[in-house]
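# Residue-level structural notes
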Amino acid sequence: MTKTAVVWVGALICSALWGSAFPCIKLGYRMTDIGTADTAAQILYAGLRFTLAGILAILIGSVSARKLLYPKRTAYTKVIVLSLFQTILQYFFFYIGLARTDGTKASIIEGMNVFVAIAVSGLIFRMEKLTARKIFGSIIGFVGVILINVSGKSLSGSMTFTGEGFIFLSTVSYAFSSVMLKVYSKEENTVMLSGWQFVFGGIVMTIGGLLMGGRIHTFRADGILMLLYLAFVSAVAYSLWSVLLTNNPISRVAVFGFMNPMIGFILSAVMLKEYDALRATAFVSLALVCLGIYIVNKGKPTEQA
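Residues numbered from 1 in each chain as written. Predicted model: local features only at pLDDT ≥ 70, side-chain atom pairs only at ≥ 80, totals over all residues. Heavy atoms only, no water.

## Brief notes about the overall build of the chain
- Regarding its fold elements, the chain presents twelve helices and zero strands.
- For the chain, the α and β elements follow one another from N to C terminus as α-α-α-α-α-α-α-α-α-α-α-α.
- Here the chain holds 305 residues, and the buried ones make up 53% of them.
- A separation threshold of at least 6 residues defines the contact pool for the chain, and within that pool the share at least 24 residues apart is 89%. (Helix = DSSP H or I, 4+ residues; strand = E, 2+ residues; numbered from the N terminus. Buried < 20%, exposed > 50% of the residue type's maximum accessible area, 1.4 Å probe, protein only. Contact = heavy atoms within 4.5 Å.)

## A short note on the packing of aromatic side chains
- The tally for this structure, following the rule as stated, stands at twelve aromatic pairs.
- Ring geometry for Phe92 versus Phe166: centroids 6.5 Å apart, planes at 40°, classification tilted. Placement of Phe92 in helix H3 (residues 76–98) and of Phe166 in helix H7 (residues 161–184) is noted, with a sequence separation of 74 residues between them.
- Aromatic ring contacts, followed pair by pair, group Phe50, Tyr91, Phe198 and Tyr238 into a single cluster. (Phe/Tyr/Trp six-rings, centres within 6.5 Å; stacked < 30°, edge-to-face > 60°.)

## Looking at the side chain of Thr87
- With respect to the element layout, Thr87 can be found in helix H3.
- Here the side chain of Thr87 touches Gln197 through a polar contact of 2.8 Å, side chain to side chain.
- If we skip the residues at most four places from it in the chain, Thr87 touches Phe50, Leu82, Phe92, Gln197, Phe198, Gly201, Gly202 and Met205. (Polar contact = N/O pair within 3.5 Å; in protein donor to acceptor, adjacent residues only side chain to side chain.)

## Observations regarding the nonpolar core
- If you look at the biggest cluster of nonpolar residues, it comprises 72 residues, and the most contacted ones within it are Tyr45 and Trp241.
- Beyond its immediate sequence surroundings of up to four residues, Trp241 is in contact with Ala11, Cys14, Trp18, Tyr174, Val253, Ala254, Phe256 and Gly257. (Core = buried A, V, L, I, M, F, W, Y, C linked by side-chain atoms within 4.5 Å.)

## Focus on helix H8 (residues 190–211)
- Between its first and last C-alpha, H8 extends 32 Å over 22 residues, near the 32 Å set by a 1.5 Å rise per residue.
- Between a side-chain oxygen at the N-terminus of H8 and the backbone nitrogen of Val191 the separation is 2.9 Å; the capping residue is Asn189.
- Looking one or two places after H8, you find Gly213, whose phi comes out positive at around 95°. (Expected span 1.5 Å × (residues − 1).)

## Quick look at a nonpolar patch on the surface
- On the surface, Leu123, Ile124, Phe125, Leu130, Ile135, Ile139 and Val143 cluster together into a nonpolar patch covering about 580 Å² of accessible area.
- Mapped by element, the contributors of at least two residues to the nonpolar patch are helix H5 (113–124) and helix H6 (132–150).
- No other element matches H6, which puts three residues into the nonpolar patch.
- Within the fold, Leu130 resides in the loop between H5 and H6.
- A relative accessible area of 32% means that Leu130 is categorised as partly exposed. (Patch = residues over 30% accessible without salt bridge, like charges linked within 9 Å, V, L, I, M, F, W, Y side chains within 5 Å. Areas by Shrake-Rupley, 256 points an atom, 1.4 Å probe, with all protein chains shown as cover. Salt bridge = Lys/Arg side-chain N within 4 Å of Asp/Glu carboxyl O.)

## Here we look at the pattern of salt bridges
- Taken as a whole, this structure holds three salt bridges when the rule is applied.
- The partner of Glu188 in a salt bridge is Lys78, and the shortest N-O contact between them spans 3.2 Å. Here Lys78 lies in helix H3 and Glu188 lies in the loop between H7 and H8, a separation of 110 residues in the sequence.
- For Glu188, a relative accessible area of 13% translates into the label buried.
- For the salt bridge of Arg220 with Asp222, the shortest nitrogen-to-oxygen distance reads 3.5 Å.
- A relative accessible area of 32% means that Asp222 is categorised as partly exposed.
- Salt bridges here are not isolated pairs; linked through shared partners, they connect Lys78, Glu187 and Glu188.

## Some details on the confidence of the model for the chain
- Residue-level pLDDT values for the chain average 83, and 90% of them are 70 or greater.
- Element-level pLDDT for the chain is lowest in helix H4 (residues 103–110), with a mean of 66, against a maximum mean of 95 in H8.
- The low-confidence segment residues 301–305 (pLDDT under 50) makes 16 contacts with residues lying over four places distant or belonging to another chain. (pLDDT = per-residue confidence, 0-100.)

## Remarks on the packing of H8 against helix H9 (residues 221–247)
- Close contact between H8 and H9 brings their axes to 9 Å; oriented N to C, the two are set at 140°. By the angle between their axes, H8 is oblique relative to H9. In the packing of H8 onto H9, the handedness of the crossing is right-handed. Between H8 and H9, the residues in contact are Thr190, Val191, Ser194, Gln197 and Phe198 and Ser234, Tyr238, Ser239, Ser242, Val243 and Thr246, respectively. (Axes fitted to C-alpha atoms, helices over the stretch in contact; angles between N-to-C directions. Parallel < 35°, antiparallel > 145°, perpendicular 65-115°, else oblique. Left-handed = near helix turned anticlockwise from the far one by under 90°.)

## Quick notes on the environment of Ile34
- Mapped onto the elements, Ile34 comes out in the loop between helix H1 (4–31) and helix H2 (39–65).
- A C-alpha to C-alpha distance of 9.5 Å links Ile34 and Gly214, two positions 180 residues apart in sequence.

## Focus on the packing of H1 against H2
- Their axes nearest at 12 Å, the elements H1 and H2 cross at an angle of 120°. Note on packing geometry: the crossing formed by H1 with H2 is right-handed. Contacts between H1 and H2 pair Ala21, Ile25, Gly28 and Tyr29 from the former with Gln42, Tyr45 and Arg49 from the latter.

Structure, rendered in structure tokens:
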């Protein structure tokens, strides 16, 4: 899991799965008649997705380990804290913030999660060196994310705490969850942590969505299959991502997060038939993201503080 080829292939598989979630979530909303402004129903939908994802991750991990993966008493607090940052707070801030800002600005702010994760790992927890190469590579990748989002669009200068501020808080929550996962995995099974934090977080989000008045009134066969696919995406991608984070410096893996919006953009254009979005700018952005990933990964794999 520390070999360059394994890290690249594994991280790109995660990015491809997460990237496919962008258009699939939109399709899932259409199949279940959830409106774009119905935040409560979206949180409820996410809660159901993550609960199922946790169950799938636990089943897959248990079959692989040939024993049932469950948290021992010493791991209860770790699962709850990890779930709080990885699932509950991250997606609470994201869904509320997204309802109060436009998708372009939200995508750009979400692209900052790589910077925040590397900064938290290097400056706060001292888990690795924050080198000029890592910073430069991250900036190159971030420029690619900005370019693909602002191409042909204008960004308004207005900002609100419950809009753009909440989106940024979701990236901070994700960054802390990445570091916590790496710390907790030294003593606990990584897949166990991934699965059970999804179950706990998913149940909390489901209850929260219901209390906010969220309802899903339409559940056809295609909608159920799409929900199961999204659960599969979360279970497989996050479990694999967690294993990669556990065995490598956070910067080496986190930088692949720049690929998520890129793959999501391309798949959205194809799956949602928005072909006019596939301009030359999109491929220039992709090249910049790949260059940024290469620069960050160019150093020694075991570069630690």
